[in-house]
Amino acid sequence: MDSFDDFDDGILDKGVLKPFHTVKDKEKEDILDWAETTVEALEKQAHKRHIRYRKNLSAYKGLSPLTTTTISRTSDRTLLNTTPKFVVNHIYDMTETKVSQMTRLKPNVEVLPTNDEFDDKNAALAVKYLINHLWYINNMDDILQKMQRHTRIFGESYCFITWDKHKGDLHPMYVKARDLGVDLDYTDEEGNPVLDKEGNPIKLSKDEPVLTGDINYEVEVPWRVLLQRKKKLDDVDYCFRVRVKPTEDLKKEYPKLADKIKKSANIKAYDAETLHEKLLEDETIYYEFYHKKSEHCPNGYYLKFTKGLLLERAELPYSHGNLPFERITDIDIPEQLNGQSAYEMIRPIQNMHNNLSTLLAKNIYLTGHAKWVMPRGACKIEALGNDSTIVQYQGPQPPQLLQTAPNPPEAYAFRDKLQDEMGQVYGVHGVSRSSPPPGITAGVALQFLNEQEQERSTSDVAKHNNLVQALARQTIAVAGDYYQPDDGRMLRIVGKDNKYSIRHFDSANLNKDYDIRIQVGSALPESKAGKIQRIVEIMQMKPDLLSNERWVDLLEFGNTDKMVTLITAAVKSAESENEDIMSGKPVSDPQDFEDHFIHWRTHVKAIQNRAFKEECPPVIREIMLEHIAVHEYAMVEKAKQNPAFEAKLAQLPLFPIFPNGFVPRSKEHMTMVVQGQSNRGEQISDIVPGEEIDESGEPYKEQGDKK
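Rules of the game
- Residues numbered from 1 in each chain as written.
- Predicted model: local features only at pLDDT ≥ 70, side-chain atom pairs only at ≥ 80, totals over all residues.
- Heavy atoms only, no water.
- Helix = DSSP H or I, 4+ residues; strand = E, 2+ residues; numbered from the N terminus.
- Contact = heavy atoms within 4.5 Å.
- Buried < 20%, exposed > 50% of the residue type's maximum accessible area, 1.4 Å probe, protein only.
- Axes fitted to C-alpha atoms, helices over the stretch in contact; angles between N-to-C directions.
- Parallel < 35°, antiparallel > 145°, perpendicular 65-115°, else oblique.
- Nonpolar A, V, L, I, M, F, W, Y, C, P; charged D, E, K, R; others polar.
- Pairing = 2+ DSSP bridges.

Engineer: Account for the overall build of the protein chain, with residues named and values stated.
Structural biologist: Broken down by element type, the protein chain carries 19 helices and 19 strands. For the protein chain, contacts bridging at least 24 residues in sequence account for 69% of all contacts bridging at least 6.

Engineer: Just give me the short version of unusual backbone geometry, but keep the residues and values in it.
Structural biologist: For residues other than glycine, phi is negative in most cases, and the peptide bonds are mostly trans. Omega for the bond connecting Phe655 with Pro656 falls within 30 degrees of zero, at -5°, which places this linkage in the cis form. With respect to the helices, strands and loops of the structure, Pro656 is situated in the loop between helix 18 (643-650) and helix 19 (667-679). Of note in this structure, Leu275 is not a glycine but carries a positive phi near 60°. In this structure, Leu275 sits in the loop between strand 8 (268-271) and strand 9 (276-279). According to the relative accessible area criterion, Leu275 is buried, its value standing at 7%. One non-glycine residue, Glu335, lies in the positive phi region at around 65°.

Engineer: An account of the packing of helix 1 (residues 29-45) against helix 2 (residues 47-61) is needed here, citing residue identities and associated values.
Structural biologist: Between helix 1 and helix 2, whose axes approach to 4 Å, the crossing angle comes to 50°. When the axes of helix 1 and helix 2 are compared, the pair comes out oblique. Packed against helix 1, whose contacting residues are Glu43, Lys44 and Gln45, the element helix 2 presents His47, Lys48 and Arg49 at the interface. Of the residues contributing to the contact of helix 1 with helix 2, the split by class is no nonpolar, two polar and four charged.

Engineer: How would you summarise the sheet that holds strand 10 (residues 283-291) if you had to cite specific residues and measurements?
Structural biologist: Strands sit in the order 6-7-10-11-12 across an open sheet of five strands; the sheet is antiparallel. With one partner strand each, in any of the chains shown, strand 6 (225-227) and strand 12 (309-314) form the two edges of the open sheet. Here the average twist between neighbouring strands, direction ignored, is 20°. Here strand 11 (residues 301-306) runs beside strand 12; their pairing, made up of five bridges, is antiparallel. By the bridge assignment, Leu303 is partnered in strand 12 with Arg313. Against the sheet, helix 1 engages strand 6, strand 7 (238-246), strand 10, strand 11 and strand 12, with an angle of about 80° to strand 11.

Engineer: Just give me the short version of the sheet that holds strand 16 (residues 400-402), but keep the residues and values in it.
Structural biologist: Spatially, the three strands line up as an open sheet ordered 15-14-16, and their pairing is mixed. Strand pairing shows two members of the sheet lacking a second neighbour, strand 15 (389-393) and strand 16, which therefore form its edges. Between one strand axis and the next, the sheet turns through 25° on average, direction left out of account. In this structure, strand 14 (residues 371-375) lies alongside strand 16, joined through three bridges in antiparallel fashion. When the sheet's bridge partners are listed, Val373 is paired in strand 16 with Gln400.

What follows is the structure, given as structure tokens:
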């Protein structure tokens, strides 16, 4: 076993933290004994680290150190002329500034297939919708904000991605049982009954709601996560998660073990609100043990237990085979497993800043008023009629009115220097704290300083992006394990205009391999005012760069109902049609009332991609081309009746795409068109519209074959 500095107190001796695979009998008490012994050893080893967590949390809240001075209740001593601790909490301000810098990087990812198959590309798009949906309903922005804040305070933060059977919508089979008023057997997609852990068929009662379950994200504080002691996280095989739950709730969850579940009596737990430990009341501490898939534990392992009682044991319930959490750290130190907070470096500076501020305030309180210095009984004090401090003494000296000098400017200069040094060490400077250097007012100079500060945060940005990618990977893996085709899941996909689009999701898409990459943002400024200003400047310099509807969409004026114009509505409609056609979903033919110009531009833009020519299946490619050809036919017919429309049409680049009409070439598409006409009850005059046939009823293979 590796040696660690924290073990110098002799708490952990050799043989205590033996590997999990050395437990011979995992069916009896041996596994529980190993788990309890290991937890106790890890908790003792983490004692010093947990004290640092508490000190850092106190510093973030701007409170005094944890040590306090007590005075006996029997003492007659009173504290006179005491000045309270004066705290200017720059640590809090710099922490929130750093959190804001990181969380303005929105959690946008691209899901890419690992091959060039067209179906896999459409599946990747569906998985992208799934991630957007889950991260929207779970408020991923808030989760990342909490993780960044925990990271700055404690040095590391954990987010557990687990399956929660108590989340999600009502199961369709339960809804069916409820509507029919009978109990039904729970069956899979093939109609076979689903069995519980004891091998009995699962019944769906009409009186007990059953949910489909869903993915759960939980940000955990580091003192509740105990890692196997290794030198880096990649080598860690197992971890313990400390949980606290009301005892009655735990009994309800495990009714067969209710008599054995006891309250955690005489056990204290740390309370972050009071920054002190308190006794647990009507609660039970339990532990969750996760062992990832490894050479000596090929299926992984999961345990859930309390002191002296094993609640649950099974193989690792996630196919990805890793520990079910993602971690982000503040400072990584070589050969040290846990991350370290930058508070360790700036907390002494903050304490000195507080002490100096307290001394300055005390000196102001002491010297702020003029003082009468006089012999005792030299005058009637009540007759002075002011709040000046009076100092009385014995002696023949005449009364004097003394005014002491204020604090020297060097003290304030040193105090400001401490503040600057805190920002320098922490990587947060005056620009991001709305305090630029003196004399700098030019926007270009301020932008330069801001870019320099962002360069300083490159490593933090890389950690943030890696965290987002890892969260997306585990989300896909867990969803692939538990999403079932019979769940009837409908995803609420949030578009740019915050309107819901309901689409059926095929859970089979989750069983494919994908590459997760961070979605690159645009070159536009991130602030709303800066973005609008930059777009307006581009519009003035190059008004013909984009069409009016694209400018309106880029400005995001369509995000409010009153700004949903004909232009933005047509753009959204055409983009939705492109998406459905490319994924093989049916799309209605163009109608006379549609804005053909906008639809035509949007569709033509989609076919300019090289993948459309080389990788798109012929059937889908020809459906798209035929859709564009119908738009062109409608545009030509309308131009014959409207001169203004004809003049506008003459200025449209690339029009027409099909001067002689569109002629499909694949037999699959011919069959599709004929079948579609037959289903609609239309009279089939041609095999394919726009294609001629010879005397035998067969289409001409080439235009030159006509007789």
